[in-house]
Amino acid sequence: MGFSDARFDVNLSILFTELPLLERPAAAAAAGFTAVELWWPWTDAPVPAQRQLDALRNALRDAGTQLVGLNFYAGQLPGPDRGALSVPGEESERFRANVEVAADFAQSLGCTALNALYGNRVQGVDPAAQDALALENLTLAARAAHRVGATLLIEALNAPESPACPIVSAPKAIEVVDAVNAATGLDNARFLMDLYHLARNGEDLEAVIDRYTPLTGHVQIADNPGRGAPGTGTLPLEDLLDRLHTNGYTGWTGLEYQPGNTPSADAFAWLPRPQRATTAP
């Protein structure tokens, strides 16, 4: 697969953030991309006003960009939070309120991947209680995703940057994937393989790819160290994408890296423009 054959999408929650949200799809299209993904855009509104949903939907459509991945509500992201679904009280309720809203929004745009970030451990709360709450909420999310023909994604973050999050290894994320699939019987939960996070964890990326490609529903990349564009660090990202392809992965690869000190439009020199426009797998 490498860079020449991969299907790339741009994460508009980390790239083009120098622009207002509604201007980012057009900016991605101007840079040559036809597919995008998003963290939940309204960090303070798990259930935004209909006009906000409509405006974003129209911006994506008007730009000719396909939404291929969307996070459920995850609290303050970017920020101190790493998800909401395992956090008792108000945050869990906000996640629940968002589930059907996010699923419906995704369906309206043909988006078939919904990412559910687990959340941080809460001081003074039994981890087992948080895990039970998480499974309950992930079951709801998996059923909502199934209703709209989508996959539920479970992502492993990295321990150095997310020390309070318990999902900080590929095996742990797979454990959650298996638990959700067992609980629902739907078999629509899959692993979100973020190669940057796994590298920060010190995991053997080739071994992770060889073992977990069949359970992988989406891939994200950034170089390490630095979380910059491919070529700014030391990860052999082209070789790793080739290995994913050899193992049967044909899905999207999200560009979830920081543009550095340049405008986002200048952060794609590593990828020839003809390779930025992609079609559905």
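Structure: see above.
A quick note: this is a predicted structure, and the numbers were derived from the prediction, not measured. All residue numbers refer to positions counted from 1 along the written sequence of the respective chain. Totals for whole chains, interfaces and linings use every residue, but because this is a predicted model, local features are given only for residues with pLDDT of at least 70 and side-chain atom pairs only at 80 or more, for both listing and counting. Based on all heavy atoms of the structure, the side-chain values leave hydrogens and waters out of the count.

Counting from the N terminus, the helices are the DSSP runs of H or I reaching at least four residues and the strands are the DSSP runs of E reaching at least two. A count of helical and extended segments in the protein chain gives 9 helices and 8 strands. Scaling as 2.2 N^0.38, a compact globule of 281 residues should have a C-alpha radius of gyration of about 19 Å, and the protein chain matches this with 17 Å. Expressed along its principal axes, the backbone C-alpha trace of the protein chain runs to roughly 50 × 45 × 35 Å. In the protein chain, the share of contacts with a sequence separation of at least 24, taken over all contacts with a separation of at least 6, comes to 75%. The protein chains shown are the only cover counted for residues, whose accessible areas, like all others here, come from Shrake-Rupley with a 1.4 Å probe. Carbon and sulfur atoms form 51% of the exposed surface of the protein chain, whose accessible area is close to 11100 Å². Charged side chains in the protein chain number 19 positive and 33 negative. The centres of these two groups are separated by 4 Å. Here the globule rule reads 2.2 Å times residues to the power 0.38, and the radius of gyration is calculated from C-alpha atoms. Contacts between residues were defined by any pair of non-hydrogen atoms, one from each residue, lying within 4.5 Å. Counting rule applied: Lys, Arg positive; Asp, Glu negative; His and chain ends not counted. Charge positions come from single atoms, namely NZ of Lys, CZ of Arg, CG of Asp or CD of Glu.

All right, on to the packing of helix 8 (residues 205–212) against helix 9 (residues 237–246) then. Axis lines are fitted through C-alpha atoms, for helices just across the contact stretch, and the angle between N-to-C directions can take any value from 0 to 180 degrees. Here helix 8 crosses helix 9 at 20°, and the two axes come no closer than 9 Å. Considering the angle they form, helix 8 stands roughly parallel to helix 9. Judged by the sense of rotation from one axis to the other, the crossing of helix 8 with helix 9 is right-handed. On helix 9, the residues touching L205, E206, I209 and D210 of helix 8 are L240, R243 and L244. Relative orientations are named as follows: roughly parallel for angles under 35 degrees, roughly antiparallel for angles over 145 degrees, roughly perpendicular for angles from 65 to 115 degrees, and oblique for any other angle. In this scheme the crossing of two helices becomes right-handed for a clockwise turn of the near helix relative to the far one and left-handed for an anticlockwise turn of less than a right angle.

Turning to the pattern of salt bridges, a few remarks are in order. In what follows, salt bridge is the name for a side-chain nitrogen of Lys or Arg lying within 4 Å of a carboxyl oxygen of Asp or Glu. By the definition in use, this model includes 13 salt bridges. Ionic pairing is found between E256 and R227, a salt bridge with its closest N-O pair at 2.8 Å. On the criterion of sequence distance, the pair formed by E256 in the segment after strand 8 (252–255) and R227 in the loop between strand 7 (216–221) and helix 9 is long-range, its members being 29 residues apart. Here the residues in one salt-bridge network are E90, E91 and R94, joined through shared partners.

A separate point is the nonpolar core. Residues grouped as a nonpolar core are buried Ala, Val, Leu, Ile, Met, Phe, Trp, Tyr and Cys residues, joined through side-chain atoms within 4.5 Å. Only protein chains enter the calculation, and the probe is 1.4 Å; a residue is then buried if its accessible area is under 20% of its type maximum, exposed if over 50%, and partly exposed in between. Membership of the largest hydrophobic core comes to 89 residues, with the highest contact counts inside it found for F8, L70, L152, F191, M193, L255 and F268. Among the elements that line this core, the one with the most residues is helix 4 (residues 90–108), at 7 residues. Those residues in contact with L70, other than ones at most four positions away along the chain, are L38, W39, W40, A102, F105, A106, C111, A113, L114 and N115.

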